[in-house]
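Topology and contacts: notes
Residues per chain are reported as follows:
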Amino acid sequence: MFNPRFPHTLTVLRGRHDAEGNAIFGEDGDPIYEVVPLTMVEMFDEEPLRHPDGSFVTYDASSIPFGYRTDSRSTATRIDVVVSDFKLATPMCLTELYPTDVLVVKDYEREYRGRLVKKTTFNLGTNIWMDEIRN
């Protein structure tokens, strides 16, 4: 179902590692990345669904919808200055993201990659600040 608040798509890639934690590289010498399954919270009438024990009803997704945001009032009120190229708003995502993850962003005009600056999850969704990877 199309949601005008989140018209674009975000996929997260994470580098593969062996049992000792060393990065695995392909034949071309580049790191091998895999899609990270993202744990999302089921919503109903803009409220998260909960099990009888109070935990969230969740599902895994390989990509999630997002919308660009330019409003930074949430960071200004806490004196938390976040400097990034983009701020993305997504439905509530519980998966921990790392600065080494590659964020693949597909919007109306292009597809590009970025690096995580910060991720914050709150009662209605998740905000992700990211920098575009430029070659």
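Residues numbered from 1 in each chain as written. Predicted model: local features only at pLDDT ≥ 70, side-chain atom pairs only at ≥ 80, totals over all residues. Heavy atoms only, no water.

1. Notes on the packing of aromatic side chains
A full pass over the atoms with the stated rule returns three aromatic pairs. For the pair F66 and Y68, a centre-to-centre distance of 5.2 Å together with 90° between the ring planes defines the contact as edge-to-face. Residue F66 is classed as buried on the basis of its relative accessible area, which comes to 0%. Taking the centre distance of 5.5 Å and the plane angle of 40° together, the rings of F86 and Y112 count as tilted. Within this pair, whereas F86 is found in strand β8 (residues 86-90), its partner Y112 is found in strand β10 (residues 111-121), the two being separated by 26 residues in sequence. Since its relative accessible area comes to 21%, F86 is described here as partly exposed. When its relative accessible area of 5% is taken as the criterion, Y112 is described as buried. Each member of the aromatic cluster is reached from another via a ring pair, and the members are F66, Y68, F86 and Y112. Cation over ring: R110 sits above Y112, and NZ or CZ is 3.9 Å from the ring centre. Directly above the ring of W129 sits K118, whose terminal nitrogen or CZ lies 5.5 Å from the centroid. (Phe/Tyr/Trp six-rings, centres within 6.5 Å; stacked < 30°, edge-to-face > 60°. Buried < 20%, exposed > 50% of the residue type's maximum accessible area, 1.4 Å probe, protein only. Helix = DSSP H or I, 4+ residues; strand = E, 2+ residues; numbered from the N terminus. Lys NZ or Arg CZ within 6 Å of the ring centre and 35° of its normal.)

2. Some points on the side chain of D107
In this structure, D107 sits in the loop between β9 (102-106) and β10. Within the buried set, D107 has no salt-bridge partner at all; the shortest N-O distance to an opposite charge, 4.7 Å, is to R110. Looking at D107, its side chain comes within polar contact range of the side chain of Y68, at 2.6 Å. A polar contact of 3.0 Å, which involves the side chain of D107, links it to the backbone nitrogen of E109. Not counting the four nearest positions on each side in its chain, D107 is found in contact with H8, Y68 and Y112. (Lys, Arg positive; Asp, Glu negative; His and termini not counted. Salt bridge = Lys/Arg side-chain N within 4 Å of Asp/Glu carboxyl O. Polar contact = N/O pair within 3.5 Å; in protein donor to acceptor, adjacent residues only side chain to side chain. Contact = heavy atoms within 4.5 Å.)

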